[in-house]
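# Breakdown of the fold
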Amino acid sequence: MGIDLPLVWAVIILFGVMMYVVMDGFDLGIGLLYPFFADRTDRDVMMNTVAPVWDGNETWLVLGGAGLLAAFPLAYAVVLSAFYLPLILMLLGLIFRGVAFEFRFKADDAHRHLWDKAFIGGSLAATFFQGVTLGGYIQGIEVVDRAYAGGAFDWLAPFPLFVGAGLVVTYTLLGSTWLIVKTQGALQARMIAIARPLTWLLLAVIVAISVWTPLAREDIAQRWFTWPNLLWFAPVPILIVLTAWQLLQRLRRAPDVAPFVLTLFLVFLGYTGLGISLWPNIVPPGITIWEAAAPPQSMGFTLVGALLIIPLILMYTAWGYYVFRGKVDETQGYH
Amino acid sequence: MWDIDALLLARIQFGFTISFHIVFPAITIGLASYLVVLEGQWLRTGQEVFRDLYHFWSKIFAVNFGMGVVSGVVMAYQFGTNWSYFSDFAGGVTGPLLAYEVLTAFFLEAGFLGVMLFGWKRVGPGLHFLSTVMVAAGTLLSATWILASNSWMQTPAGYEIVAGRVVPTDWIAVILNPSFPYRLVHMGIAAFLATALIVGASGAWHLLRGRDTPAIRKMLSMAMWMLLFVAPLQAVVGDFHGLNTLDHQPAKIAAMEGHWENVPGEGVPLTLFGWPDMEREETHFAVRVPRLASLILTHSWDGQFPGLKEFPREDRPNSTIVFWSFRIMVGLGFLMIALGVWALWARWRGELFRSRALLRFTLWMGPTGLVAMLAGWFTTEVGRQPWLVYNVMRTADGVSSHGAGQLATTLALFVLVYFVVFGAGTVYLLRLIGHGPVTHEGTEPVPGGPGRPRTPARPLSAAPDAADDTATART
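All values reported here derive from a predicted model rather than from experimental measurement. Each chain carries its own residue numbering, running from 1 in the written order of its sequence. Here every chain gets a letter starting at A, and every ligand a number starting at 1, in the order they are written. Under the rules for a predicted model, residues below a pLDDT of 70 receive no local features and side-chain atom pairs below 80 are neither given nor counted, while totals for whole chains, interfaces and linings still include all residues. Excluding hydrogens and water, the side-chain figures rest on all heavy atoms present in the structure.

Take the overall build of chain A next. Broken down by element type, chain A carries 13 helices and four strands. The C-alpha radius of gyration of chain A comes to 20 Å, within 12% of the 20 Å expected for a compact globule of 335 residues. Counting only C-alpha atoms and orienting by the principal axes, one finds that chain A spans roughly 60 × 40 × 40 Å. For every residue, the accessible area (1.4 Å probe, protein chains only) is compared with the maximum for its type, and the residue is labelled buried under 20%, exposed over 50%, or partly exposed between those bounds. Classification of the 335 residues of chain A by burial places 61% in the buried group. Every residue pair with non-hydrogen atoms within 4.5 Å of one another is taken to be in contact. Taking all contacts inside chain A whose residues are at least 6 apart in sequence as the whole, residues at least 24 apart take part in 80%. The convention is simple: Lys and Arg are positive, Asp and Glu are negative, and His and the chain ends are not counted. Every charge is mapped onto a representative atom, which is NZ of Lys, CZ of Arg, CG of Asp or CD of Glu. Positive and negative side-chain charges of chain A, numbering 18 and 21 respectively, have mean locations separated by a distance of 9 Å. Helix numbering and strand numbering both begin at the N terminus, where a helix is a DSSP run of H or I of at least 4 residues and a strand a DSSP run of E of at least 2. Values of the radius of gyration come from C-alpha atoms, whereas the globule rule sets the reference at 2.2 Å times the count of residues to the power 0.38.

Following this line, the structure appears as structure tokens:
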């Protein structure tokens, strides 16, 4: 044997969830930006920048759920019942948003605004409740006898709600920097203008969560602020400051791909900080990846497929993005 | 009959969300394969009619696919939110199967869908055809994995229970469990039939309105060939599936037949109609054909099979429901066979595209493939009760411990949202079908070019929107 299957699977799931945040983040952000761009042409262009790829992006969320069920069924069962209401609200948001991609163009002029609103509301609900779930997850889940033992509304607390709002800021910044890559002219200029205050806002969110988390959870404070951990983990906050500074600099000049890449890196760093805080728990604060693991026969069987197929998925996903490379504007149809 | 408790609400919620969901993948499976045939024929023969049909049905495919995705994401999470004890107990088997579905099928469909719908002018014909094939392969793979998981819950194999949890011991046995091959073929054919009926009804609708074009004739004709060959095949497969169910789930068969007890030494009659009464253990108003059930299920004149009374009361599935859902499925199946034969006869007499009676019948048969499929799923899933994993875990033991209030709230939300969203989707689908195929669509100038009405790239479907469809669809 020798392979620590739960460890390998934890890495795969961390990777899957990160892929989800990185990829669906920017297309959810487009829905969050919609209220600021009321013109139909702008909205068409914005949506068309992600039309061929959003579905693949969202699939990483399904992989996160399925991977969790396959490798850590206990965590899947406990976490999903703990966040029953926010997750269902997130799913309902994803329903409205997902069909809006299709229905917006099928509706007549009198009804199109309804699907625009569904796209906005759906993106907002999906993002906010993902953040609420994340915040509640960091806050910790009460477990007795392999089952969720908390109340239906434990997530309705200041910290999860703040993280929900923080994720809205994050995805909006991802969306605006993505659109800087994919658009030109007046629309691009407005995206650049909107990205700068958003960067400052995101920094404020990161600082607030970094202060709030160790104050609320002593074990997380212990993890970060003891020697030599402090030394090992110091690059994370330092890189966050450097990246944010670079991002603000780049947004001054005529930017193209750089702000998007820097924002992705910023999100990656925040995600790393979170991983450091929670490791090796899969149901914070008490259940580790080894305690929640599926039988080795299950993890091994799925691992073979995951290791063979995920590289293939990454390859053809990259090809899909390559096929649809370049700027999108209203005179250009994919057909 | 039942108390409204959390378990019942969770079951209703699952039944409601999955019944909506299952319709979309079924159409997706059928249409994706149809699109492969259409594009393949176009590449092979160069006939415009195939490309026109490809463009037409790919728009309908896209709307339908979108609804399948969003309703499917709900299913992937519902096992954890509503059935957490089941997920913890059986996740060792169902989790890997679901993960393989995502890895091999969902990503494949999503990854190539963009190119299939928008890439017509961005990649060469070979790569485009490959994308269509990959999407179709994804739909079939998806069905394979999810049916392996569902079949395992019906006829579990290849596992043992260690410390109160399912541990897989033989993956081949888990996947190729006893009912899997029958269920996969039966469901795959059901998806093809349901799609053929929709395609046929669309053609019939246009012909009835006097829109007689080569593309519309072609789609009606193709659909009728499909029915002629596949509807009878489905009856044969269904018979094999029934025999398999008798071997592994005799209580389900007894409930489907409203069969309470055997008379010693006598063959079992087939109850054509009646009202099985679970309380009084008898079937009221029964219309019976002597010995026919023995003939069908044991293939012998006086063979017997267990009646419901041979099972403890608490282990019996609800016969009132499955008796009728089964008859709806079989009855519609016979009508499909009849339609295929009628169409052949009309074709032979040269009036396939003119017989208004046949066209009207084809039109009305349009939704029956989906109805029959849902009835079939009700039969097999309600027939599995009271078990969640047959003879291993009861449904009552798998449900999450949420309060009834919480479940009632979310159920109400799902009902409201599904009717609004999928109701609107159905309207848009019917509207698209109503526009009909457009001739030489792919050879038009790029939409939105100079001097043309602004036509944005349409997400996923690239379908005409209200502003320009009058300009293009009616030409």
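Time to look at the packing of helix α1 (residues 6–45) of chain B against helix α2 (residues 48–82) of chain B. Residue and element names in this part refer to chain B. Fitted lines through C-alpha atoms serve as axes, helices being fitted only where they are in contact, and the angles separating the N-to-C directions of these axes extend from 0 to 180 degrees. Taken N-terminus to C-terminus, the directions of α1 and α2 make an angle of 150°; their axes are 7 Å apart at the nearest point. In terms of orientation, α1 and α2 fall into the roughly antiparallel class. Like other packed secondary-structure pairs, α1 and α2 cross with a definite hand, here left-handed. Considering only residue class, the contact of α1 with α2 consists of 21 nonpolar, 13 polar and three charged. Each angle gets one of four labels, with under 35 degrees taken as roughly parallel, over 145 as roughly antiparallel, 65 to 115 as roughly perpendicular, and the rest as oblique. By convention, the crossing between two helices is left-handed when the near helix turns anticlockwise from the far helix through less than a right angle, and right-handed when the turn is clockwise. Residue polarity follows a fixed list, in which Ala, Val, Leu, Ile, Met, Phe, Trp, Tyr, Cys and Pro are nonpolar, Asp, Glu, Lys and Arg are charged, and the others, Gly among them, are polar.

With that settled, consider the pairing of strand β1 (residues 159–162) of chain B. As paired strands, β1(B) and strand β2 (residues 165–168) of chain B are joined by four bridges and run antiparallel to one another. If you follow Glu160(B) over to β2(B), its bridge partner there is Val167(B). Any two strands are treated as partners once DSSP identifies two or more bridges connecting them.

Attention now moves to the pairing of strand β4 (residues 282–289) of chain B. A regular strand places its side chains so that they alternate between the two faces of the sheet. Residue and element names in this part refer to chain B. The pairing of strand β3 (residues 270–277) with β4 spans six bridges and is classified as antiparallel. Residue pairing in the sheet places Pro276 in a bridge with Thr283 of β4. Hairpin connection between β3 and β4: a loop of four residues separates the two successive antiparallel strands, and Glu281 in this loop has a positive phi of roughly 55°.

Right, let's get into the interface of chain B and chain A. Contacts between the two partners involve 86 residues from chain B, matched on the other side by 72 residues from chain A. As used here, buried area is the combined drop in accessible area, with a 1.4 Å probe, of two parts when they are placed together. Summed over both partners, the interface of chain B with chain A comes to about 7400 Å²; 72% of that surface belongs to carbon and sulfur atoms. Just to be clear on terms, a salt bridge is a Lys or Arg side-chain nitrogen sitting within 4 Å of an Asp or Glu carboxyl oxygen. Across the chain B-chain A interface, the total number found is two salt bridges. Ionic pairing is found between Arg146(A) and Asp88(B), a salt bridge with its closest N-O pair at 3.0 Å. Those elements that provide at least two residues to the side of chain B that touches chain A are α2, α3 (84–118), α4 (125–154), β2, α5 (171–175) and α14 (404–435) of chain B. Of the residues belonging to the side of chain B that touches chain A, the class tally is 54 nonpolar, 23 polar and nine charged.

Under the counting rule described, the total for this entry stands at 23 salt bridges over all chains. Put simply, Arg97(A) and Asp27(A) hold a salt bridge, and the shortest N to O gap is 2.9 Å. One end of the pair, Arg97(A), is in helix α5 (residues 84–106); the other, Asp27(A), is in helix α1 (residues 5–33), and 70 residues separate them in sequence. When sorted by exposure, Arg97(A) lands in the same class as Asp27(A), which is buried. For Arg327(B), the salt bridge is made with Glu257(B), and the minimal N-O distance between the two is 3.4 Å. With Arg327(B) in helix α10 (residues 319–348) and Glu257(B) in helix α8 (residues 250–257), this pair connects stretches of sequence that are 70 residues apart. In this structure, Arg327(B) and Glu257(B) share a single accessibility class: buried.

Turning our attention to the confidence of the model for chain B. All names here are of chain B. Considering every residue of chain B, the mean pLDDT works out to 86; 92% of them sit at 70 or more. Of all secondary-structure elements in chain B, the lowest mean pLDDT belongs to helix α15 (residues 466–473), at 39, while helix α6 (residues 180–208) reaches the highest, 94. Ignoring residues within four places in sequence, the model shows residues 444–475, a span with pLDDT below 50, making 81 contacts including any to other chains. Model confidence for the complex is summarised by a pTM of 0.88, with the ipTM given as 0.88. Residue-level confidence of the predictor, termed pLDDT, takes values from 0 up to 100.

Next up on the list: the nonpolar core. Buried Ala, Val, Leu, Ile, Met, Phe, Trp, Tyr and Cys residues that are joined via side-chain atoms within 4.5 Å together make up what is termed a nonpolar core. Judged by nonpolar contacts, the single largest core of 249 residues is most densely connected at Phe72(A) and Trp57(B). A per-element tally of this core places α2(B) first, with 20 residues. When near neighbours in sequence (up to four residues on either side) are disregarded, Phe72(A) contacts Pro6(A), Trp9(A), Ala10(A), Ile13(A), Gly67(A), Ile282(A), Ile289(A), Ala292(A), Ala293(A) and Ala294(A).

Residues and elements named next belong to chain A. UniProt positions are given in the numbering used here, feature names are shortened, and annotations may be inferred rather than shown by experiment. If you check UniProt for "transmembrane region" (unreviewed entry), the listed places come out as residues 7–37, 74–97, 118–139, 159–181, 193–212, 224–245, 257–279 and 299–324 in our numbering. Helix makes up 100% of residues 193–212 and strand 0%, with an end-to-end C-alpha separation of 30 Å. Counting secondary structure, residues 257–279 comes out at 91% helix and 0% strand; the distance between its end C-alpha atoms is 33 Å.

Attention now moves to α6(B). All names here are of chain B. Helix span, expected: 1.5 Å multiplied by one less than the number of residues in the helix. Its 29 residues give α6 an end-to-end C-alpha distance of 41 Å, which sits within 8% of 42 Å, the value for a rise of 1.5 Å per residue. Within α6, 22 of the 29 residues are buried, which leaves the element mostly enclosed by the surrounding structure. One or two positions beyond α6, positive phi appears at Gly210, with a value near 80°.

This part is about unusual backbone geometry. The peptide bond linking Trp279(A) to Pro280(A) adopts the cis configuration, its omega dihedral lying at -5°. Relative to the assigned elements, Pro280(A) resides in the loop between α12 (258–278) and β3 (281–283). Along the chain, Pro284(A) connects to Pro285(A) via a cis peptide bond; the corresponding omega equals 0°. For Pro285(A), the position within the fold is in the loop between β3 and β4 (287–288). Phi angles above zero are rare outside glycine, and Asn391(B) is one such case at about 65°. Here Asn391(B) is to be found in the loop between β5 (387–389) and β6 (393–394). Accessibility expressed as a relative area gives 54% for Asn391(B), which makes it exposed.

So, about a nonpolar patch on the surface. Residues with no salt bridge and a relative accessible area higher than 30% make up the patches, which join like charges within 9 Å and nonpolar side chains (Val, Leu, Ile, Met, Phe, Trp, Tyr) within 5 Å. Using the Shrake-Rupley algorithm and a 1.4 Å probe, accessible areas are obtained, with residue cover drawn only from the displayed protein chains. A cluster of nonpolar side chains, namely Leu7(A), Val11(A), Leu14(A), Trp279(A) and Trp290(A), defines an oily patch on the protein surface of about 430 Å² accessible area. Given a relative accessible area of 31%, Leu7(A) falls into the partly exposed group.

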